[in-house]
Amino acid sequence: MRVLVLSDIHSNLEALEACLAAAPACDLVANLGDLVGYGACPNEVIERVRALGGVFVRGNHDRAATGQIDISDFNPMARFAALWTRQQLTPENLEWLKTLPQGPVRRPEVPAAQFVHGSPIDEDDYIVNWSDAMPPLITAAASLTFFGHTHHQGGFFDRTQTAETFQPTYKTTEWTDRCEWRLRKNQHYLINPGSVGQPRDGDWRAGFAVFDDEPYAVTFYRVPYNLQRAQERILAAQLPERLSARLALGR
Ligand code: ZN
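Below or above, wherever it landed, is the structure these notes cover. On a predicted model such as this, the values are computed, not experimentally measured, just so you know. (Residues numbered from 1 in each chain as written. Predicted model: local features only at pLDDT ≥ 70, side-chain atom pairs only at ≥ 80, totals over all residues. Heavy atoms only, no water.)

### Structural notes on empty space enclosed by the protein
What counts, and what does not: The method works on a 1 Å grid over the protein atoms by themselves. A cavity is a set of points holding a 1.4 Å probe that cannot get out, a pocket is an open set with protein on both sides within 12 Å along at least five of seven lines, and residues with an atom within 4 Å of a point line them. Grid points are joined across faces, edges and corners, and a volume is the space filled by probe spheres set on the points. The helix count covers DSSP runs of H or I at least four residues long, the strand count covers runs of E at least two residues long, and both are numbered beginning at the N terminus. Amino acids outside the nonpolar list (Ala, Val, Leu, Ile, Met, Phe, Trp, Tyr, Cys, Pro) and the charged list (Asp, Glu, Lys, Arg) are all regarded as polar, and Gly is one of them.
Inspection of every chain in the model, using the stated rule, returns 1 cavity of 30 Å³ or more. Quantified by volume, the largest cavity comes out at close to 90 Å³. In terms of lining residues, the largest cavity is bounded by 16 residues, among which His-10, Asn-12, Gly-39, Ile-234 and Leu-247 are the most central. Where the lining of the largest cavity is concerned, the elements lending two or more residues are helix H1 (13–22), helix H7 (227–236) and helix H8 (241–249). Among the elements that take part in the lining of the largest cavity, H7 stands out by supplying 3 residues, more than any other. Among the residues forming the lining of the largest cavity, the class breakdown is 8 nonpolar, 6 polar and 2 charged.

Take a look at the structure:
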C-alpha cells in the first residue's frame, strides 16, 4: 500500500504537475488541505486533484476562500488572495471546496494513519517544534498522523518525556531529490510532507511525501518546477507581487 501525500498546494498548478510527474505509482492520494489561496490557478488545481480522488481534508485557506471563516485576522496579503480566489472559483468548485471534511480523516485502506491539516487536536494549530508536537503525539489515535499547515517538511516522533524531530536532507538544491525515513511500528509519528505550492523552509522546490507500508517508510521528495510560469501567472492575475517573489526563496 503506497500513499501519495500532498499538502498546501495553494493554487500552484506548475508545482502540482511537477510533483505528480515525479511521484511513483501510488494506490491512494491524500490531500491535507489548502488546495487554494496565494497562487493563480485555483480552478485548475481543484479540477486536477478532484480527478485524482482519494482523501481530502479542509485547510484554513480553503475555508477562507469559501467564506466559511472570518478572514479579518488573516494578514492583508492572505486576505486579498482569499477574496480573489473566491471571485475566481466556478460555482461548482466553490461548492465542492465547501464539502471538504474537517480532520482527522481515517481510511480503512491505511489503518495506521490519520490525516489532518494543522493538528489532530485543532485543525488550525501549527506544529512547528517538539513542544508543539508533544500533545498531539501523546494523544494520537493513530500511529501515523500526516499533517500540513506549516509548510515545513519533516516529522516528529515520541521518545520518553520528549519528542524528536526528523529533518530530510538532500544532496542537491536544484534537481529532483528524495530522502527516505524508515519508521518503527511501535512508535507514534507526526509527518509533514511539506508544501507543494509554497514551501517555507528555504528550499524553493515543491515538496511532497510517499508513505509505503512495506517497507514501513516515508520518502520525502523535493522537485523543481516551472517557477517562472507560476510567478508570471500571479503577476498577470494582479495578486500581490510578494506572492510571486517568495516562491523563488522558499519563504
Ligand atoms: Zn497552507
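### Regarding the sheet that holds strand S8 (residues 177–182)
Using the following cut-off: Two strands pair under a simple rule: DSSP has to find at least two bridges between them.
Spatially, the 6 strands line up as an open sheet ordered S3-S2-S1-S10-S11-S8, and their pairing is mixed. A single partner strand is all that each edge strand has here, and the edge strands are strand S3 (55–56) and S8. Both strand S1 (residues 2–6) and strand S10 (residues 206–213) contribute to a ladder of 4 bridges, which runs antiparallel. By the bridge assignment for S10, Arg-2 is matched with Asp-212.

### Observations concerning the nonpolar core
Counted only if it meets this: Here, the term nonpolar core denotes a set of buried Ala, Val, Leu, Ile, Met, Phe, Trp, Tyr and Cys residues that are joined through side-chain atoms within 4.5 Å. Note on exposure labels: buried denotes an accessible area under 20% of the residue type's maximum, exposed denotes more than 50%, and partly exposed covers the range between, all computed with a 1.4 Å probe on protein chains only. Pairs of residues are marked as contacts when any of their non-hydrogen atoms sit within 4.5 Å.
Leu-35, Leu-97 and Phe-208 are the most contacted members of the largest nonpolar core, which has 48 residues in total. Residue contributions to this core peak at 6 residues, all from H1. When residues no more than four places from it in sequence are discounted, the contact partners of Phe-208 are Leu-4, Val-5, Leu-6, Cys-19, Ala-22, Ala-23, Gln-153, Pro-193, Thr-219, Phe-220, Tyr-221 and Val-223. In terms of nonpolar packing, the next biggest core, distinct from the first, is built from 26 residues, Val-5, Leu-28, Ala-30 and Leu-144 among them.

### Notes on helix H5 (residues 91–98)
Definition in use: This arc corresponds to the set of directions leading from the helix axis out to the C-beta atoms.
Those residues of H5 that fall on the buried side of the exposure criterion are Asn-93, Leu-94, Trp-96 and Leu-97. The buried residues of H5 occupy an angular sector of 165° when the element is viewed end-on, so they sit on one face. More than 90 degrees from the buried face of H5, the exposed residues found are Pro-91 and Glu-92. On its buried side, H5 packs onto helix H2 (42–52), S3, helix H3 (60–65) and helix H4 (76–88).

### Digging into the environment of Ala-141
On the secondary structure map, Ala-141 appears in the loop between helix H6 (130–139) and strand S5 (144–146). Assessed through its relative accessible area of 63%, Ala-141 is described here as exposed. It is 9.4 Å that separates the C-alpha atoms of Ala-141 and Pro-104, two residues lying 37 residues apart in sequence. Beyond its immediate chain neighbours, meaning those up to four positions away, Ala-141 contacts Arg-106 and Gln-114.

### A word on the pairing of S8
Residues Asp-177, Cys-179 and Trp-181 line the buried face of S8, whereas the alternating positions Arg-178, Glu-180 and Arg-182 sit on a face that is not buried. Pairing analysis gives 6 bridges linking S8 to strand S11 (residues 216–223), with the strands arranged antiparallel. Among the inter-strand pairings, Arg-182 is bridged to a residue of S11, identified as Ala-217.

### Some details on the coordination of the zinc ion
Defined as follows: Note: metal donors comprise N, O and S atoms at 2.8 Å or less from the metal (3.2 Å for Na, K and Ca); water molecules are not included, so apparent gaps in a site are possible. By the criteria applied here, four donors are tetrahedral when all angles lie between 85 and 135 degrees, four are square planar and six octahedral when opposite donors are over 155 degrees apart and every other angle lies between 65 and 115, and any other arrangement is irregular.
For the zinc ion, every protein donor is listed as Asp-8 (OD), His-10 (NE2), Asp-34 (OD) and His-151 (NE2), and the spread of their distances is 2.1 to 2.3 Å. Classification of the site at the zinc ion rests on its 4 donor atoms, whose angles at the metal span 85 to 176°, yielding the label irregular. In primary-sequence terms, the residues that donate to the zinc ion follow D-x1-H-x23-D-x116-H. In this pair, His-10 is assigned in the loop between S1 and H1 and His-151 in the loop between S5 and strand S6 (154–159), connecting sequence segments 141 residues apart. On the basis of relative accessible area, His-10 is assigned to the buried category, the value being 1%. Here His-151 falls in the buried class, since its relative accessible area comes to 2%.

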